[in-house]
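Coordinates in review
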Amino acid sequence: MSIDQAPVKNGVASTAAHAHQMLGQRLKSLRLGRRLSLRELAELTGTSASFISQLERGLTGASTASLNQMASALGVSVAMLFEDSAAGQRGVLLRSERPSLPPSDGCRKMLLSRPPLSDMEVYVGEFEIGGSTGPALYTHGDAHEMLVVLRGIVEVSLGDVRHVLEEGDSIEYATSTAHRSENIGSGRAEVMWIIAPPTSMRAELDQYRAWKPLAAR
């Protein structure tokens, strides 16, 4: 009897070890995507850096309470902790579910890039007639930024130089260059910003996730 049961027990142990490894890989991918250190995630979840390190290496499991804390700190659902890493990077984001900031200056800005994506950030901005990114030019970090006009006519100011872009046009610049965008057309405008490497801090990204998606309005 014991000989027949041994393979089953080994199989169960092997399955559990594989589950721990998959969870660990997913957790590490999400943590790095949020640009959090082991210590920072430990502080957010009330655990220790050594525990999270063991968890990421598949050497231990986690309680339901710990998993809930991890998911909350990373801005994902518990289910996402168990998604295949490759599949998680290609998740579908419906237009109605885009995390969004509250409208300001006639512009609504929405976040498209999500964890574990960590090498760039992507946003979409929807401008009312006359809407803009604000009355003043601004800078953020020292990265590469591309703006693509998806709809309408948008004026992009780079310092004292102004560029008028129409649907399908794009422009590239350093985020350290003072810039501003404004809808100067007779209808709504929509643009996409692609920034690499990311310049937003975790607290800034949390503002998008905390705000209700469009479908909930």
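Placed above this text is the structure.
My aim in this report is to walk through the structure given alongside it, one point at a time. All values derive from a computational prediction rather than experimental measurement.

1. What to know about the overall build of the protein
A tally of regular secondary structure across the protein gives 6 helices and 8 strands. Seen in sequence order, the protein has helices and strands lined up from the N terminus as α-α-α-α-α-β-β-β-β-β-β-β-β-α. Considering only intrachain contacts with a sequence separation of at least 6, the fraction spanning at least 24 residues in the protein is 67%. As displayed, the protein offers around 11,700 Å² of accessible surface, 55% of which is attributable to carbon and sulfur atoms.

2. Structural notes on the sheet that holds strand β2 (residues 121-127)
Judged by pairing direction, the sheet is antiparallel, and its 5 strands sit side by side in the order β1-β2-β8-β3-β6 without closing on themselves. Looking at the sheet topology across the chains shown, the edges are occupied by β1 (107-111) and β6 (170-174). Shown here is a sheet whose adjacent strand axes are inclined to one another by a mean of 20°, direction ignored. Here 5 bridges tie strand β3 (residues 144-151) to β6, and the two strands are oriented antiparallel to one another.

3. Regarding the pairing of strand β8 (residues 189-196)
Pairing analysis gives 7 bridges linking β2 to β8, with the strands arranged antiparallel. The partner of E121 across the bridge, within β8, is I195. The pairing of β3 with β8 spans 7 bridges and is antiparallel. Within β8, the position partnered with V148 by the bridge is M192.

4. Notes on the packing of aromatic side chains
In the structure shown here, the tally under the stated rule is 2 aromatic pairs. Ring geometry for Y123 against Y208: centres 5.5 Å apart, planes inclined by 45°, an arrangement best described as tilted. Residue Y123 is located in strand β2, and its partner Y208 is located in helix α6 (residues 202-210); the two are separated by 85 residues in the primary sequence. For the pair shown, Y123 and Y208 are each scored as buried. Measuring from ring centre to ring centre gives 6.3 Å for F127 and W193, while their planes differ by 70°; the resulting arrangement is edge-to-face. In this pair, F127 sits in strand β2 while W193 sits in strand β8, placing the two residues 66 residues apart along the sequence. Pair check on accessibility: F127 and W193 agree, each one buried. Taking NZ or CZ as reference, K109 lies 4.5 Å from the ring centre of Y123, over its face. A cation over a ring is seen here: K109 above W193, with NZ or CZ 5.1 Å from the ring centre.

5. Section: the environment of M80
Assignment of secondary structure puts M80 in the loop between α4 (64-74) and α5 (85-88). Beyond its immediate chain neighbours, meaning those up to four positions away, M80 contacts R26 and L30.

6. Focus: the side chain of E126
Topologically, E126 is positioned in strand β2. Looking at E126, its side chain comes within polar contact range of the side chain of R188, at 3.4 Å. Beyond its immediate chain neighbours, meaning those up to four positions away, E126 contacts R95, R98, G106, C107, R108, M110, R188, A189 and E190.

7. Topic: the environment of Y173
Mapped onto the fold, Y173 is located in strand β6. For Y173, a relative accessible area of 6% gives the class buried. Y173 sits 15 residues away from L158 along the chain, and the two C-alpha atoms are 8.1 Å apart. Here Y173 is in contact with A143, H144, E145, L147, L158, H179 and W193, once residues within four sequence places are set aside.

8. A look at α4
Among the residues of α4, S66, L67, M70, A71, A73 and L74 are the ones counted as buried. Relative to the axis of α4, the buried residues are bounded by an arc of 165° and lie together on one face. What points out from α4, more than 90 degrees from its buried face, is the exposed set T64 and S72. In the segment just after α4, G75 is the residue with positive phi, at about 75°.

9. A few points about the layout of surface pockets
Here the largest pocket defines a volume of roughly 550 Å³. As for the largest pocket, its lining consists of 24 residues, and the residues nearest its centre are L101, K109, T133, Y138 and Y208. Elements represented by at least two residues in the lining of the largest pocket include exactly β1, β2, β8 and α6. With 4 residues, the single largest contributor to the lining of the largest pocket is α6. A per-class count over the lining of the largest pocket returns 9 nonpolar, 9 polar and 6 charged.

Cut-offs used in this document
Residues numbered from 1 in each chain as written. Predicted model: local features only at pLDDT ≥ 70, side-chain atom pairs only at ≥ 80, totals over all residues. Heavy atoms only, no water. Helix = DSSP H or I, 4+ residues; strand = E, 2+ residues; numbered from the N terminus. Contact = heavy atoms within 4.5 Å. Areas by Shrake-Rupley, 256 points an atom, 1.4 Å probe, with all protein chains shown as cover. Pairing = 2+ DSSP bridges. Axes fitted to C-alpha atoms, helices over the stretch in contact; angles between N-to-C directions. Phe/Tyr/Trp six-rings, centres within 6.5 Å; stacked < 30°, edge-to-face > 60°. Buried < 20%, exposed > 50% of the residue type's maximum accessible area, 1.4 Å probe, protein only. Lys NZ or Arg CZ within 6 Å of the ring centre and 35° of its normal. Polar contact = N/O pair within 3.5 Å; in protein donor to acceptor, adjacent residues only side chain to side chain. Arc of directions from axis to C-beta. 1 Å grid on protein atoms, 1.4 Å probe; cavity = no way out; pocket = protein on both sides within 12 Å on 5 of 7 lines; lining within 4 Å. Points joined across faces, edges and corners; volume = space filled by probe spheres on them. Nonpolar A, V, L, I, M, F, W, Y, C, P; charged D, E, K, R; others polar.

The quantities given are spatial measurements derived from coordinates; they are silent on function.
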